[in-house]
Amino acid sequence: MKQQARVYIVDDDSGVRDGLQMLFESAGHTVSAFSTAEKFLQCYEPGAPCCLVLDLRMPGFSGLQLQELLARQELPPPIIFLTGHGNVPAAVKALKAGAMDFFQKPVINEQQLLDRVNEAIRQDCEARAEAIKREDFKQLLEQLTPREMEVMERVCEGEANKVIGIELGISERTVELHRAHMMKKLGVHSVAELIHFRDSFRDL
Amino acid sequence: MLDHLPALIAFLKVDQCYVYGNRLHFSWFGIDPASLAGRHIRDVIGEDAYQVLKPGYEKALSGQDSIFMGEVPFANGGKRFIHGTAVPLFSDSNVVEGILLLTTDLTEQKLIEKALDATTLRSQTVLDTAVDGIVTIDDKGIIQSCNTSLQKQFGYSANELIGQSVNILMPSPHRENHDRYLQRYLNTGEKRIIGIGREVTGKRKDGSEFPMELSVGEFMENGRYFFTGFARDITDRKRAEHEARTRLNELAHVTRQSAMGDLASGIAHEINQPLTAIVTMAQAMLRSLRSDKLDSAMVESTLEKIARQGVRSSTIINQMREFISKGNIEESAPHNIDVIISNVLQLLEHEIDSNKIRVNARLHSGRIIINVNRIQIEQVVMNLVQNAIDAMADVPRERILTINTSEPQQDIPYVEVSIEDNGSGLPDEHERIFEPFFSTKINGMGQGLSICRSIIESHGGTLSAFPNYANGTVFSFTLPTEPAENRK
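I will try to describe carefully the structure that is included in this document. (Residues numbered from 1 in each chain as written. Chains lettered and ligands numbered in written order. Predicted model: local features only at pLDDT ≥ 70, side-chain atom pairs only at ≥ 80, totals over all residues. Heavy atoms only, no water.)

**Points about the overall build of chain B**
Counting its regular elements, chain B contains 13 helices and 17 strands. The 488 residues of chain B split such that 40% are buried. The contacts in chain B between residues at least 6 apart in sequence include a share of 54% that link residues at least 24 apart. (Helix = DSSP H or I, 4+ residues; strand = E, 2+ residues; numbered from the N terminus. Buried < 20%, exposed > 50% of the residue type's maximum accessible area, 1.4 Å probe, protein only. Contact = heavy atoms within 4.5 Å.)

**A few points about the environment of Asp 65 of chain B**
Residue and element names in this part refer to chain B. By the element assignment, Asp 65 lies in the loop between helix 3 (47-61) and strand 3 (66-74). Considering only alpha carbons, one finds Asp 65 and Ala 86, 21 residues apart in sequence, at a separation of 5.9 Å. Look past the residues within four positions of Asp 65 in its chain and what remains in contact with it is Lys 59, Ala 86, Val 87 and Pro 88.

**Some details on the interface of chain B and chain A**
Taken together, the contact between chain B and chain A spans 21 residues of the former and 25 residues of the latter. Across the chain B to chain A interface the summed buried area is about 2,100 Å²; carbon plus sulfur atoms make up 53%. Of all residues in chain B, Gln 273, Gln 283 and Arg 287 of chain B bury the most surface against chain A, accounting for 26% of the area lost on that side. Joining chain B to chain A, the criterion identifies three salt bridges. Run the count over chain B and chain A and you get eight residue pairs in polar contact (both at pLDDT 80 or more). Elements represented by at least two residues in the side of chain B that touches chain A include exactly helix 8 (235-290), helix 9 (296-324) and helix 11 (349-354) of chain B. At 13 residues, helix 8 of chain B tops the list of elements feeding residues into the side of chain B that touches chain A. (Buried area = accessible area lost by both parts, 1.4 Å probe. Salt bridge = Lys/Arg side-chain N within 4 Å of Asp/Glu carboxyl O. Polar contact = N/O pair within 3.5 Å; in protein donor to acceptor, adjacent residues only side chain to side chain.)

**Some remarks on the nonpolar core**
By size, the foremost hydrophobic cluster in this structure holds 39 residues, and its most contacted members are Ile 377, Leu 401, Phe 477 and Leu 479 of chain B. At the level of secondary structure, the elements contributing two or more residues to this core comprise helix 10 (337-347), strand 13 (370-372), helix 12 (374-391), strand 14 (399-405), strand 15 (414-421), helix 13 (448-458), strand 16 (463-467) and strand 17 (473-480) of chain B. Here this core takes eight residues from helix 12 of chain B, the largest share from any one element. Membership of the second largest hydrophobic core comes to 26 residues, among which are Leu 20 and Met 22 of chain A together with Ala 277 and Ala 284 of chain B. (Core = buried A, V, L, I, M, F, W, Y, C linked by side-chain atoms within 4.5 Å.)

**As for the pairing of strand 1 (residues 8-13) of chain B**
Consecutive residues of a regular strand have side chains that alternate between opposite faces of the sheet. Residues and elements named next belong to chain B. Inspection of the sheet shows strand 1 paired to strand 5 (residues 96-105) by six bridges, in the antiparallel sense. The residue of strand 5 that forms the bridge with Ile 9 is Leu 102. Direction of pairing for strand 1 relative to strand 2 (residues 18-21): antiparallel, over a ladder of three bridges. The partner of Phe 11 across the bridge, within strand 2, is Tyr 20. (Pairing = 2+ DSSP bridges.)

**Structural notes on helix 4 (residues 88-96) of chain A**
All names here are of chain A. Of all the residues in helix 4, the buried ones are Ala 90, Ala 91 and Ala 94. For helix 4, the angular spread of buried residues about the axis comes to 100 degrees, placing them on one side. The exposed set on the far side of helix 4, more than 90 degrees from its buried face, consists of Val 88, Pro 89, Lys 93 and Lys 96. Residues of helix 4 that are buried sit in contact with helix 3 (63-71), strand 4 (79-83) and strand 5 (101-104). (Arc of directions from axis to C-beta.)

**A look at the sheet that holds strand 1 (residues 6-10) of chain A**
Residue and element names in this part refer to chain A. Across the sheet, which stays open at both edges, the five strands sit in the order 2-1-3-4-5 with parallel pairing between neighbours. Of all the strands in the sheet, just strand 2 (30-34) and strand 5 have a single pairing partner and so form its edges. Direction aside, the axes of adjacent strands within the sheet are offset by 20 degrees on average. Docked against the sheet, helix 5 (residues 110-142) engages strand 1, strand 3 (50-55), strand 4 and strand 5, running at close to 135 degrees with respect to strand 3. (Axes fitted to C-alpha atoms, helices over the stretch in contact; angles between N-to-C directions.)

**Observations concerning the side chain of Asn 383 of chain B**
Structurally, the position occupied by Asn 383 of chain B is in helix 12. Excluding residues that lie within four positions of it along the chain, Asn 383 of chain B makes contacts with Gly 448 and Cys 452 of chain B.

**Points about the packing of helix 6 (residues 146-156) of chain A against helix 8 (residues 172-186) of chain A**
All names here are of chain A. Where helix 6 contacts helix 8, the two axes come as close as 9 Å, and the packing angle between them is 90 degrees. As the angle between them shows, helix 6 and helix 8 are arranged roughly perpendicular. In this structure, helix 6 uses Arg 147, Glu 148, Val 151, Met 152 and Val 155 to contact helix 8, whose residues at the interface are Val 175, His 178, Arg 179, His 181, Met 182, Lys 185 and Leu 186. Here the contact of helix 6 with helix 8 is composed, by residue class, of six nonpolar, two polar and four charged. (Parallel < 35°, antiparallel > 145°, perpendicular 65-115°, else oblique. Nonpolar A, V, L, I, M, F, W, Y, C, P; charged D, E, K, R; others polar.)

**A look at the packing of helix 7 (residues 161-168) of chain A against helix 8 of chain A**
All names here are of chain A. At their nearest, the axes of helix 7 and helix 8 sit 8 Å apart, and the two run at 105 degrees to each other. Judged on the interaxial angle alone, helix 8 and helix 7 are roughly perpendicular. Along the contact surface, helix 7 presents Asn 161, Lys 162, Ile 164 and Gly 165, while helix 8 presents Glu 172, Val 175, Glu 176 and Arg 179. Of the residues belonging to the contact of helix 7 with helix 8, the class tally is two nonpolar, two polar and four charged.

Scope: geometric values only; no functional claims are made or implied.
What follows is the structure, given as structure tokens:
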């Protein structure tokens with residue numbers, strides 16, 4: 001998965017851009033560098049795992065504005081900000097808006113930056129995997145009938161078939177049928193599996 | 001004959017009763033002189049007057065002459081200031097037979113004298129309480145009189161001054177030349193200070209000097225010229241002026257410093273960029289070297305890039321150093337205004353970009369050379385551009401900064417520069433923006449435009465502001481294109 005990941009650099013300064021590109025390439029990353037946020041957006045592939053290394057202060061679309069725009073996506077890419085001057089308020093704003101990290105230029109300890117980029121890519125890959133899982137799970141759930149959903153909720157609460165039947169006003173036998181269908185559709189074989197499945201969905 | 005003398009004359013017997021009184025008795029006491037004989041003098045002159053004069057009469061009766069001078073409260077005629085003489089009249093046997101009284105009325109004279117005294121006293125008081133020092137000299141420069149203030153100002157007493165030449169109050173070279181100045185005036189009548197007044201330096205007794213404002217008046221007495229000098233010590237005023245000037249200079253410096261502060265953060269960013277590039281490229285090279293992935297082509301191209309970034313930082317630092325070096329150190333020199341404007345725009349490039357401002361620079365001045373202090377003019381342009389940027393900060397429409405320089409024309413001896421924005425526009429108090437301490441900015445000190453205007457005016461140009469066609473403001477200044485020595 002990591003091999004397909006891409007590091008995007010957006011910095012208006014060509015020297016800085018070149019330097020960062022060399023650095024990330026020397027660490028084995030695939031790098032795409034852009035001078036403006038607009039150019040980045042034209043080439044950005046939301047489908048692939050990545051990490052953005054953004055200059056906070058850029059002409060045109062600023063780093064913060066780009067972050068805001070990307071945050072509206074279903075899977076916002078992780079962003080590491082670089083800034084030339086100790087702009088604390090902007091840094092705080094960036095972090096609050098979900099930035100992964102924040103480095104001051106020049107980055108004295110480049111290993112730290114590389115580590116954070118790796119970490120960001122790892123998290124992005126995970127998030128994408130989770131998203132795929134969630135998407136699969138959503139599709140499974142959509143196959144359930146409303147009655148099967150009701151039964152699933154109650155089974156997860158630990159209610160006996162008999163109680164579920166009384167609550168839903170159906171016979172115990174019918175509950176058993178719904179339950180069997182629901183378990184089959186979701187591909188689980190035990191109540192424990194079912195609960196785990198549902199919980200992991202909730203966590204997503 | 002005695003009747004016509006302007007004095008009161010009376011002969012008294014030893015019992016102080018009248019033998020004779022002259023006609024003046026009628027006008028003094030309303031008594032017919034013919035009816036005086038045998039009357040006691042007390043009845044004629046009144047009890048009060050008699051009590052005053054009685055000792056004199058008695059002295060005369062004892063055989064001695066007596067003189068009285070003073071005020072006497074006479075009956076009927078009121079108070080008179082008199083000079084009275086009482087002389088004993090002796091018989092052949094040397095016995096006092098009577099007295100002769102001769103009385104002159106000095107009342108009027110006395111009043112005149114009194115009035116004179118009062119006037120003199122008042123004048124003297126006025127002179128002495130005057131804040132200004134006042135000195136009167138004759139046509140040889142010899143001090144005739146001086147008031148208290150003058151004595152205090154110069155530290156001399158009146159005794160030390162009167163009779164001396166007034167030049168002891170002056171420092172060299174006036175001290176030596178003053179006699180000549182006086183002589184020249186007396187010969188030519190050419191007034192250099194009389195009736196004009198000017199600032200001169202005074203010299204105190206202790207040798208110290210002080211600035212004073214001197215005005216001189218002249219008058220003639222008995223065919224001779226006299227001169228009166230009014231000297232006002234302006235040490236305090238001078239000090240205040242000096243302080244104000246120093247303060248303004250400091251403020252100009254502070255303003256520059258704060259502009260520098262803003263600029264410095266911009267420049268810090270500018271320098272930090274190439275440094276970041278250098279550091280990052282070196283880090284990348286080291287990593288490749290350590291992992292044995294470094295080839296010579298990469299080394300070459302990277303080192304070239306690093307060197308270029310190094311040169312770039314040093315260029316920025318030099319530009320900054322040039323800008324920081326105080327404006328007044330550099331003398332006027334031939335410059336081209338378009339170049340100056342381009343330099344400023346370059347310095348402010350980051351600011352302009354980050355504020356998303358589109359710059360229309362229509363620089364048409366060609367190769368016209370103006371004689372200016374470059375740093376100062378740069379400061380003006382920078383200030384005006386900075387103002388324009390600030391004015392457009394809250395503008396939702398496209399922000400446009402237009403800078404024009406005029407094309408050279410045959411009979412126009414100046415170049416005109418206009419800096420236009422489409423920002424928030426001028427405040428209502430339009431002209432006040434050039435006043436020191438007037439500001440529409442929250443943190444403004446109100447120095448920028450007032451300093452800009454004085455810089456432009458010191459170059460012989462003008463700076464004005466007016467509303468832009470649709471929105472915003474136009475600042476426009478002119479600078480003479482002729483060399484400074486051809487101006488005036």
